[in-house]
Structure formats: structure tokens, C-alpha cells
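Single-letter residue listing:
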Amino acid sequence: MLKFDFTNAFGENLSDGVRYEDIKGITGRLHAFLENFRQNPPGFAKVFNDQSHIDSILEMAEKCKHFENFVLVGIGGSALGNQAIQGALRHPMWNNLSREKRNNLPRFFVMDNVDPEQIGSILDVIDPAESLFNVVSKSGSTAETMSNYLIVRGLLETRGLNPRDHLVFTTDPVEGVLRKIAIDEDIPVLDIPPNVGGRFSVLTSVGLLSAASLGVDIKKMLDGAQEELDRFKEEDDTFKNPVLLNAAIHYLYSQKGKSISVMMPYSNALYTLADWYRQLWAESLGKEKSLTGETVHAGQTPIKSLGTIDQHSQVQLYMEGPNDKVITFLKVENFRRNLKIPVIHQDRKELSYLCGHELEELINYEQEATSLALLEHGRPNLTISFESIDEVEIGRFFGYYEILVTAMGHLYNINTFDQPGVELGKKNTYALMNRKGYENQKAHIEDLKKNLKIFKI
Ligand code: PA5
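Residues numbered from 1 in each chain as written. Predicted model: local features only at pLDDT ≥ 70, side-chain atom pairs only at ≥ 80, totals over all residues. Heavy atoms only, no water.

**Describing the packing of aromatic side chains**
Next up, step 1: Scanning the entire structure with this criterion turns up 24 aromatic pairs.
Next up, step 2: The interplanar angle of 55 degrees and the centroid separation of 6.0 Å between the aromatic rings of Trp276 and Phe397 together place this pair among those described as tilted. Residue Trp276 is located in helix α13 (residues 271-285), and its partner Phe397 is located in helix α17 (residues 391-412); the two are separated by 121 residues in the primary sequence.
Next up, step 3: Look at Tyr400 and Tyr401: their rings are 5.3 Å apart centre to centre, the planes differ by 85 degrees, and that puts the pair in the edge-to-face class. For the pair Tyr400 and Tyr401, a shared accessibility class is recorded, and that class is buried.
Next up, step 4: Following the ring pairs from residue to residue traces out a cluster consisting of Phe4, Phe6, Trp276, Tyr277, Trp281, Phe386, Phe397, Phe398, Tyr400 and Tyr401.
Next up, step 5: Geometry around Trp94 places Arg90 over its ring, the cationic atom sitting 4.8 Å from the centre. (Phe/Tyr/Trp six-rings, centres within 6.5 Å; stacked < 30°, edge-to-face > 60°. Helix = DSSP H or I, 4+ residues; strand = E, 2+ residues; numbered from the N terminus. Buried < 20%, exposed > 50% of the residue type's maximum accessible area, 1.4 Å probe, protein only. Lys NZ or Arg CZ within 6 Å of the ring centre and 35° of its normal.)

**A look at the pairing of strand β4 (residues 131-137)**
Next up, step 1: Among the seven residues that make up β4, seven are buried, leaving the element largely enclosed by the rest of the structure.
Next up, step 2: Bridge analysis of strand β2 (residues 69-73) against β4 gives five bridges, and the strand direction is parallel. Across the sheet, Asn69 pairs through a bridge with Ser131, a residue of β4.
Next up, step 3: Looking at chain direction, β4 and strand β5 (residues 167-171) are connected through five bridges and run parallel. The residue of β5 that forms the bridge with Val136 is Thr170. (Pairing = 2+ DSSP bridges.)

**Description of the domain arrangement of the chain**
Next up, step 1: Looking at the assigned domains, one finds that the chain contains domain 1 (3-39 + 221-412) and domain 2 (66-214).
Next up, step 2: Taking only C-alpha atoms into account, the centre of domain 1 sits 31 Å from that of domain 2.
Next up, step 3: Counting residues at the interface gives 24 residues for domain 1, matched by 17 residues for domain 2.
Next up, step 4: Both faces combined, the contact of domain 1 with domain 2 buries some 1,600 Å², and carbon together with sulfur accounts for 69% of it.
Next up, step 5: Taken together, the links from domain 1 to domain 2 amount to one salt bridge.
Next up, step 6: We note a salt bridge from Glu283 to Arg199, for which the minimum N-O separation is 3.1 Å.
Next up, step 7: Here domain 1 is connected to domain 2 by six residue pairs in polar contact (both at pLDDT 80 or more).
Next up, step 8: Contributions of two or more residues to the side of domain 1 that touches domain 2 are made by α11 (218-234), α13 and α17.
Next up, step 9: Examining the composition of the side of domain 1 that touches domain 2, we find that eight residues originate from one element, α13, more than from any other. (Domains from an automatic or database assignment. Contact = heavy atoms within 4.5 Å. Buried area = accessible area lost by both parts, 1.4 Å probe. Salt bridge = Lys/Arg side-chain N within 4 Å of Asp/Glu carboxyl O. Polar contact = N/O pair within 3.5 Å; in protein donor to acceptor, adjacent residues only side chain to side chain.)

**Topic: the site of the ligand**
Next up, step 1: The immediate surroundings of the ligand are formed by Ile75, Gly77, Ser78, Ser137, Lys138, Ser139, Thr142, Gly198, Arg199, Gln279, Glu283 and Gln419.
Next up, step 2: Within the side chain of Ser137, a nitrogen or oxygen atom sits 2.6 Å from an oxygen atom of the ligand.
Next up, step 3: In the model, an oxygen atom of the ligand is placed 2.6 Å from a nitrogen or oxygen of the Ser139 side chain.
Next up, step 4: Alone, the ligand offers 390 Å² of accessible surface; in the complex the protein occludes 87% of this.
Next up, step 5: Among the residues forming the shell around the ligand, the class breakdown is one nonpolar, eight polar and three charged. (Near = heavy atom within 4 Å. Areas by Shrake-Rupley, 256 points an atom, 1.4 Å probe, with all protein chains shown as cover. Nonpolar A, V, L, I, M, F, W, Y, C, P; charged D, E, K, R; others polar.)

**Concerning the pairing of β2**
Next up, step 1: Burial analysis of β2 places five of its five residues in the buried class, the great majority of the element.
Next up, step 2: Of the two faces of β2, the one carrying Asn69, Val71 and Val73 and the one carrying Phe70 and Leu72 are both buried.
Next up, step 3: For the crossover that starts at β2, traverses helix α5 (residues 80-89) and ends in the parallel strand β3 (residues 107-111), the hand is right-handed. (Right-handed = clockwise from strand over helix to strand, strands pointing away.)

**Re the sheet that holds β4**
By way of backbone hydrogen bonds, the strands of a sheet pair with one another, either parallel or antiparallel.
Next up, step 1: Spatially, β3-β2-β4-β5-β6 is the arrangement adopted by the five strands of the open sheet, whose pairing is parallel. Edge positions in the open sheet fall to β3 and β6 (189-191), since each of these has one partner strand only. Geometrically, the sheet is characterised by an average inter-axis angle of 20 degrees between neighbouring strands, direction not taken into account.
Next up, step 2: Each of β4, β5 and β6 touches helix α9 (residues 177-185); the most contacted strand, β5, lies at about 135 degrees to it. (Axes fitted to C-alpha atoms, helices over the stretch in contact; angles between N-to-C directions.)

**So, the environment of Leu34**
Next up, step 1: Examined against the element boundaries, Leu34 turns out to sit in helix α2 (residues 27-39).
Next up, step 2: Each C-alpha atom, one on Leu34 and one on Asp324, is 28 Å from the other, the two residues being 290 residues apart in sequence.
Next up, step 3: If sequence neighbours within four positions are ignored, Leu34 has contacts with Phe232, Lys233, Glu235, Asp236 and Leu244.

**Some words on the nonpolar core**
Next up, step 1: Residues Met221, Trp276, Ile394, Phe397, Phe398 and Tyr401 are the most contacted members of the largest nonpolar core, which totals 99 residues.
Next up, step 2: With 12 residues, the top contributor of residues to this core is α17.
Next up, step 3: Residue assignment places this core across two domains, with domain 1 (3-39 + 221-412) and domain 2 (66-214) each supplying three or more.
Next up, step 4: What Tyr401 contacts, discounting residues up to four positions off in sequence, is Asn246, Met263, Trp276, Tyr277, Leu280, Trp281, Thr328 and Ile384.
Next up, step 5: Counting residues in each nonpolar core, the second largest holds 20 residues, with Ile126, Tyr149, Leu161 and Ile181 among its members. (Core = buried A, V, L, I, M, F, W, Y, C linked by side-chain atoms within 4.5 Å.)

**Remarks on the packing of α5 against α17**
Next up, step 1: Contact pair α5 / α17: the axes reach a minimum separation of 10 Å and the direction vectors enclose 145 degrees. In the crossing of α5 with α17, the sense of the turn from one axis to the other is right-handed. Judged by residue contacts, Gly81, Ala84, Ile85, Ala88 and Leu89 of α5 engage Glu391, Ile394 and Phe398 from α17.
Next up, step 2: Classifying every residue of the contact of α5 with α17 by side-chain character gives six nonpolar, one polar and one charged. (Left-handed = near helix turned anticlockwise from the far one by under 90°.)

**Structural notes on helix α4 (residues 52-64)**
Next up, step 1: Among the residues of α4, His53, Ile54, Ile57, Met60, Ala61 and Cys64 are the ones counted as buried. In a view along the axis of α4, the buried residues occupy a sector of 135 degrees, so they form one face of it. Of the residues in α4, the exposed ones pointing more than 90 degrees away from the buried face are Ser52, Glu59 and Lys63.
Next up, step 2: Considering only its buried residues, α4 is in contact with β2, β4, β5, β6, α10 (205-213) and α11. (Arc of directions from axis to C-beta.)

Okay, structure coming up:
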């Protein structure tokens, strides 16, 4: 089980903090959320123990495994979960390992940004004839994903390869152009459950095909998520329910002006989880309007940080800069491998405290040292511990955070599941790229630009 230590977040232990009584003050709202969740679970919570979609994913993964390269084409919620899983569970130098050391499984690449240098560099090192391209887009209309798809498709066609043999689409069961192409051209396709939004879709076909194709036990991940869901649903006591308590702490601190939420894993493997978390927290909670129409500008800015590296970069600011953050540490109790620091220079007392110790011990003491120092500076922080990094714990983490962000949305009284704020930027892109139907938006942009005072050097 994930373990939660909220000690350093309680006002009883640091000045001007959220206290036990403050949390008791909102238990009615927390319990309303719990009850509502029990009665009407959101779409994402229904897939954790729905084995029906697993078989088609596993079947498809068997085909994908034979390729030398698995290339994920997607962005945002259609890429970050895949990267989080691979970052946590695969060897950090996976693509550099020999095929034998990779247990005959594919290398893994992600085409997300439309940075021509980045995309070009991936194409430099993969042979399309040996590659499987998994194009993931729920809407089938995301400009970045669709342009990368077109590039890949062009490449396959130029090389005389049959697109059907090298493409798998993951998309909405009915809507969108990818679905239409899949039907018209008989391209293999997996469904994304319509009631699961992009950033909540890591434990659907969106994140699980690449995972299974690279040897991750996806059933164990789903079991982990389901365990966290059960733990949440079965516990009425706010102070024993890690979702309710963490939501209360983050919400109450944000009401006290702590507008930043830092996630700081002390583990390189967990760093990509922090990327996934950033999207989940930002897009779900950053909202202008409440559910009842008031202007609220809700949300907390999520920041990712890496221990111990950022002790030498960011922690000075966290310690002495504006007291506007809640910091969540991710800690690993048992690393998958450990290194002993050799006993050398025994006569040098500047080094002797390190000699004979293990890196696991050092990194975990550094985490504890930082959390206590932050406490002494009046900076609230909490620690989530992974027993070790494996499929079950990673699944628990995803399940836990998806429920947690939903609880936060309830407390903010906003719609956790939409993202109206990104629509205008998309419309502007379509207009600037002269997409048909966006002529009025183009005229609007031209007017807007005409009336701007220009400050360019
Ligand atoms: O959370 C979301 O809904 C978004 O971040 C989407 O995942 C992202 O925009 C990609 O969308 P799509 O899967 O439709 O290409």
C-alpha cells in the first residue's frame, strides 16, 4: 500500500498551518463527496476492475511486441500516462539495451510535440519497416497528433509499406476522423471508453497498450488502482482516508494563499509521474467559473521537482522564498537496486560519514532532512511512500491521484473534467493555419493584432 505521512502539513506542527479543527470544519463537504462518489463513480473509476477491455489490449500487444520500435503518437492525456508508466517501470536506458536484454521487446519512442527537430531526430533512428505507430487521440482532431500521424503515414507510403501493418489507432468508439479512417481502411483500432477523459485515461487502452507491449503487467496496475479505490470508498473517517485528508489539506492551504503545489519525487523513475500529475492538477482544477457560474479562478499551479537534484536548485526558494507552496514528496522505501559507497580515504573525516553506507539510505535521509528543514521554516509538506516501484504501486498512484483531484474539484465546486481554457488557443491555431470554417476567427485575430500597441525590439 502507498503510505502517507501528513505530519509536516499539520498546523499543530508548524505556525499558521491547517489544523485538525480546520479539517473537521469541512468534513461535511468531504463526506458529501465520498457519498456522491459511492453512488455515481466517475467514468475513470469504472475501468479499474473492468476486465472486458483488457483482453483486446493484450491481444493487440502480442502483435506490437514483435516490432523493433513502438512509437506512440499522441499528446497531453494521450501521451503523459504512457511516459509515466515507461519512466517508472522500464530500465532508464531501455532503448540502448540490446534486444536480448530487452527480452525481445520493442524500443519506445513518443512523438508528442510538433518540434521538427525532435520529430526528425526520432525518424533518424527508427526504421519504419520495423516500427509500430500507435496513434492515440480521443477526439481524433488534435493538430499535433494528426500532423505527426500524417508525417508517419507519408513515410510509410513513401517506403511502400502497408499502413495497415504498421498502424494501430486508439480513439473514440464512434467519433472523429481516426475512427473513420480505421473503418474505411481496416486499420487495427482500440476503443477509448467515451466516459473517460484524456488526462484520466492512463489505465485504459490509451496507456495500457504501450505498457503491455513493453512487458508491463497491466492487470497488476489495474489491481493497484482498484485497491486505492476500495480503500477510499470504504473509509468514512476523514483522518484515516488518505484521499479526503490530502484533499482537505491542499484545499484549505490553497484558501490560505498557497497557490502552488510541488511534487518532488526522490527517485528518477518517479519523475515522469510528476509530469502526469502536473497535467492532471492543472487542467482539472484551473477553472475560471464555479459550477454555479461565479468567477472563481480556482486551481493550484503544479510544479515538478526532483530530489536530490533540486535541493541544489529549487529548495532555497521553497525554504526562504514566498510561503505559497504545499510540497508533496514521493519516497521509495526499497529501490530495485542499491549501491554501496566503498570505504576509501578512511583517514579523511570529511568523507567518512558516507563510507560504507548505501545510496538508498543517503537519498532517503536527504528526503527526510529536507522535509524537516521545510517544516522548521513553516513550509507545509507531506510524504507519500512507495514500498518499491512496481506495477501495483504505480497503479495505486494513478488511482489515488485521479480520485484526489476529483475530490479537490468538488471542494472548489468546479467542473474537474472539462478544459474550456484550451479551446481558444486551438481555434486560433486553426484560424492561423487557414482551416476551413475558421475564417471569422482569422478576421478576429487580424483585428485584434491591428489594435495592439507593438513593443518589439
Ligand atoms: O485531458 C485532456 O482531455 C487533454 O489534455 C487531451 O488529452 C489532449 O488535448 C489530447 O487530446 P486527444 O486525445 O483528443 O488528442
